[in-house]
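# Breakdown of the fold
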Amino acid sequence: MRNLATIDVALDEMLVNLAAIVLRLSKPEMTRTPEARRALARSVHQYAVCAKRSSDPRVHELKSRLEETLKPSLRVVVRDGVKVS
């Protein structure tokens, strides 16, 4: 049983490290093309699948952060001094 716990901890550490890599790749300057955005979406989805069974709260926090990177950023548009949206 102790070996399973050791493997579980090692997998959680790998997931934390993987999330750090994907977060670096999610920066806008890295995901300018549609292909890069699709690759990011695939990476985030795969991470979420792997993180689903983890009991490590760091893994779940990173999963949430990664999923936020897929949401489009909103911007405020002002026309003639009036906020449009």
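Here, every reference points to the structure presented above.
The structure contained in this document is the topic of the report that follows. (Residues numbered from 1 in each chain as written. Predicted model: local features only at pLDDT ≥ 70, side-chain atom pairs only at ≥ 80, totals over all residues. Heavy atoms only, no water.)

Right, let's talk about the overall build of the protein for a bit. Looking only at helices and strands, the protein has 3 helices and 2 strands in total. Going from N to C terminus, the protein has its helices and strands arranged as α-α-α-β-β. Relative to a compact globule of 85 residues, whose C-alpha radius of gyration would be 12 Å, the protein shows 17 Å and is clearly more extended. Once the C-alpha set of the protein is aligned to its principal axes, its extents read approximately 70 × 25 × 15 Å. (Helix = DSSP H or I, 4+ residues; strand = E, 2+ residues; numbered from the N terminus. Rg over C-alpha atoms; globule rule 2.2 N^0.38 Å.)

This part covers helix α1 (residues 2-25). Taking 1.5 Å as the rise per residue, α1 with 24 residues should run 34 Å; its terminal C-alpha atoms sit 35 Å apart, in good agreement. Every buried residue of α1 is listed here: Asp12, Leu15, Val16, Ala19, Val22 and Leu23. Looking at the buried side of α1, the elements it contacts are α2 (34-51) and α3 (57-69). (Expected span 1.5 Å × (residues − 1). Buried < 20%, exposed > 50% of the residue type's maximum accessible area, 1.4 Å probe, protein only. Contact = heavy atoms within 4.5 Å.)

Along the polypeptide, serine 26 turns up in the loop between α1 and α2. For serine 26, a relative accessible area of 11% gives the class buried.

Take leucine 40: it is sitting in helix α2. As for leucine 40 and valine 22, which are separated by 18 residues in sequence, their C-alpha atoms are 7.5 Å apart. If sequence neighbours within four positions are ignored, leucine 40 has contacts with Val22, Ser26, Thr31, Thr69 and Leu70.

Looking now at the packing of α1 against α3. At a minimum axis separation of 10 Å, α1 and α3 run at an interaxial angle of 20°. Classified by the angle their axes make, α1 and α3 are roughly parallel. As for how α1 packs across α3, the hand of that crossing is left-handed. Together, Asp12, Glu13, Leu15, Val16, Ala19, Val22 and Leu23 of α1 and Arg58, Val59, Leu62, Arg65, Leu66 and Thr69 of α3 make up the contact between the two elements. (Axes fitted to C-alpha atoms, helices over the stretch in contact; angles between N-to-C directions. Parallel < 35°, antiparallel > 145°, perpendicular 65-115°, else oblique. Left-handed = near helix turned anticlockwise from the far one by under 90°.)

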